[in-house]
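Observations on chain architecture
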Amino acid sequence: MIRVYLDYNATAPVRAEAIEAMGRAIQAGGNPSSVHAAGRAARALVEDARGAVAALIGAPASTVVFVSGGTEANALAIESARAAGSRRLIVSAVEHDSVLENARHSGAEVELLPVDRDGVADIAWLENRLSRWDAAWGRPFVALMLANNETGVIQPVARVAEIVRAVDGWLHVDAVQAAGKIPVDSRALGADTLSVSGHKLGGPQGVGALTFGPRVSLTRRLHGGGQERGRRAGTENVPGIAGFGAAARASLASLSAMQAQAVWRDQAEKRLAEAGAVIVGAGAERLPNTLCFAMPGFGAELQVMGLDLTGVMVSSGAACSSGKVRPSHVLSAMGLAELAGCAVRASGGWATKGSDWDRLVEAWIELNGRHAARRRAPAA
Ligand code: PLP
């Protein structure tokens, strides 16, 4: 059976460059905090990777803090804002659970920034909310992701940054899905903090980074040694960081190839829509690799399992939290709750071919035809 992997937004296959870099780092050994030759070599690997990640996201290398992944990066941003006195957090309704749940567990009041039917943040709502900000709530904090993991919808982050900056607020941008798929320039976007994750762009799982701008300072979540300039204690995950750096470098070099993949996605989208699927976020600007589509009356889990039997791997809802049975909060926030149980996400990436998208479409059309026939057949 030909296997087709279209679930890059859950995790991307690890790039050859990253595997090689990790292997070299493991073999080299050494603790980056040691002053001897082995330690200095490990330090050089970490700093080289820091430079590569910084280049990918348009940040000065000195502001890139390595952490255990996107979840920790988001948690660090939120805890830092709390430590700086933010008592009310505005978080977009379509954020990843790692933002929503860390905000909810932070002890602050959380308010959801609504989105429209395409999943784009309601800027007028935000302007209005910030214009009535109560000083007792501390510094305004807004979390708005750059691109959504389920729909691929890209948010007007630069515009929101202007609004947040006008009230001296703190804008956190989860760029976990955007990095490596579209150009990300943390400074041009106006992000005060911005998170990325290694495994979404062909690096290993369990490593990520947070960058921060000059208007904010980070607190410590983990106490102990002075690693990461005192911002994150614990011996660095040198192989993971080296792999992340190699993947970041390769991703930056292949951004235009990634953009070109939109053609395949768009063709697939057209054929699926012709076959009756509803395209989620169709009216918004989206990542070039992501397609979220729903077939009313055809459960998402059935679609995913049926496709898997034909060798095509996609996901339903947010794969990061697969196993959950509640409908996608993203689609619900878009006013599409009735579609949330029958929406599927296909997402390509660095090793995807046009034929992978063709295979998805063919397999899905056949599956959908069989499902429709079963529904039409009178009960025996
Ligand atoms: N943010 C977004 C938008 C994501 O899609 C994910 C993972 O799916 C995360 C954060 C969490 O990243 P990690 O798996 O590295 O913790």
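Computed from a prediction, not measured in an experiment: that's the story for all the values here. (Residues numbered from 1 in each chain as written. Predicted model: local features only at pLDDT ≥ 70, side-chain atom pairs only at ≥ 80, totals over all residues. Heavy atoms only, no water.)

Observations regarding the domain arrangement of the chain
It is common to report an interface's size as the accessible area lost on association of the parts. Assigned domains within the chain: domain 1 (4-12 + 256-376) and domain 2 (16-253). Relative to domain 2, the C-alpha centre of domain 1 lies at a distance of 27 Å. Between domain 1 and domain 2, a total of about 2,500 Å² is buried, with carbon and sulfur atoms accounting for 53% of that surface. Interface area lost by domain 1 to domain 2 is led by Leu287, His329 and Met334, which between them contribute 22%. Where domain 1 meets domain 2, there are 15 residue pairs in polar contact (both at pLDDT 80 or more). Elements represented by at least two residues in the side of domain 1 that touches domain 2 include exactly helix 10 (255-260), strand 10 (290-294) and helix 13 (329-333). Per-element accounting of the side of domain 1 that touches domain 2 gives the leading share, four residues, to helix 13. Tallied by class, the residues present in the side of domain 1 that touches domain 2 amount to 18 nonpolar, twelve polar and six charged. (Domains from an automatic or database assignment. Buried area = accessible area lost by both parts, 1.4 Å probe. Polar contact = N/O pair within 3.5 Å; in protein donor to acceptor, adjacent residues only side chain to side chain. Helix = DSSP H or I, 4+ residues; strand = E, 2+ residues; numbered from the N terminus. Nonpolar A, V, L, I, M, F, W, Y, C, P; charged D, E, K, R; others polar.)

Quick notes on the pattern of salt bridges
As enumerated under the stated definition, the model contains 26 salt bridges in all. Between glutamate 274 and lysine 270 there is a salt bridge; the shortest N-O distance is 3.4 Å. Pair noted here: glutamate 274 and lysine 270 are both in helix 11 (residues 262-274), with a separation of four residues, about one helical turn. A single burial state applies to glutamate 274 and to lysine 270, both of which are exposed. It is possible to trace a salt-bridge network through shared partners that takes in Arg43, Glu47, Arg50, Glu228 and Glu236. (Salt bridge = Lys/Arg side-chain N within 4 Å of Asp/Glu carboxyl O. Buried < 20%, exposed > 50% of the residue type's maximum accessible area, 1.4 Å probe, protein only.)

Details of the sheet that holds strand 3 (residues 88-92)
Read from one edge to the other, the open sheet built from seven strands follows the order 2-8-7-6-5-3-4, with strand pairing classed as mixed. The sheet is open, and its two edges are formed by strand 2 (64-67) and strand 4 (109-113), each paired on a single side. The sheet shows a mean angle of 20 degrees between the axes of neighbouring strands, direction not considered. Note: strand 6 (residues 170-174) against strand 7 (residues 193-197), three bridges, orientation parallel. (Pairing = 2+ DSSP bridges. Axes fitted to C-alpha atoms, helices over the stretch in contact; angles between N-to-C directions.)

Here's the deal with helix 4 (residues 97-104)
Looking only at helix 4, the buried set comprises Asp97, Ser98, Val99, Leu100 and Ala103. Packing partners of the buried residues in helix 4 comprise helix 3 (70-83), strand 3, strand 4, strand 5 (141-143), strand 6 and helix 13. (Contact = heavy atoms within 4.5 Å.)

Comments concerning the state of the cysteines
Scanning the entire structure with this criterion turns up zero disulfides. Take cysteine 292: it sits in no disulfide, and the sulfur closest to it among the cysteines is that of cysteine 342, at 10 Å. Cysteine 342 gets classed as buried once you look at its relative accessible area, which sits at 7%. (Disulfide = S-S within 2.5 Å.)

Focus: the pairing of strand 3
The element strand 3 is extensively covered by neighbouring structure, given that five of its five residues are classed as buried. On strand 3, burial covers both faces: Arg88, Ile90 and Ser92 on one face and Leu89 and Val91 on the other are all buried. Sheet topology places strand 3 next to strand 4; five bridges connect them, and they run parallel. Bridge assignment links arginine 88 to a residue of strand 4, and that residue is glutamate 109. Note on the crossover from strand 3 through helix 4 to strand 4: the handedness is right-handed. Note: strand 3 against strand 5, three bridges, orientation parallel. Across the sheet, leucine 89 pairs through a bridge with phenylalanine 141, a residue of strand 5. (Right-handed = clockwise from strand over helix to strand, strands pointing away.)

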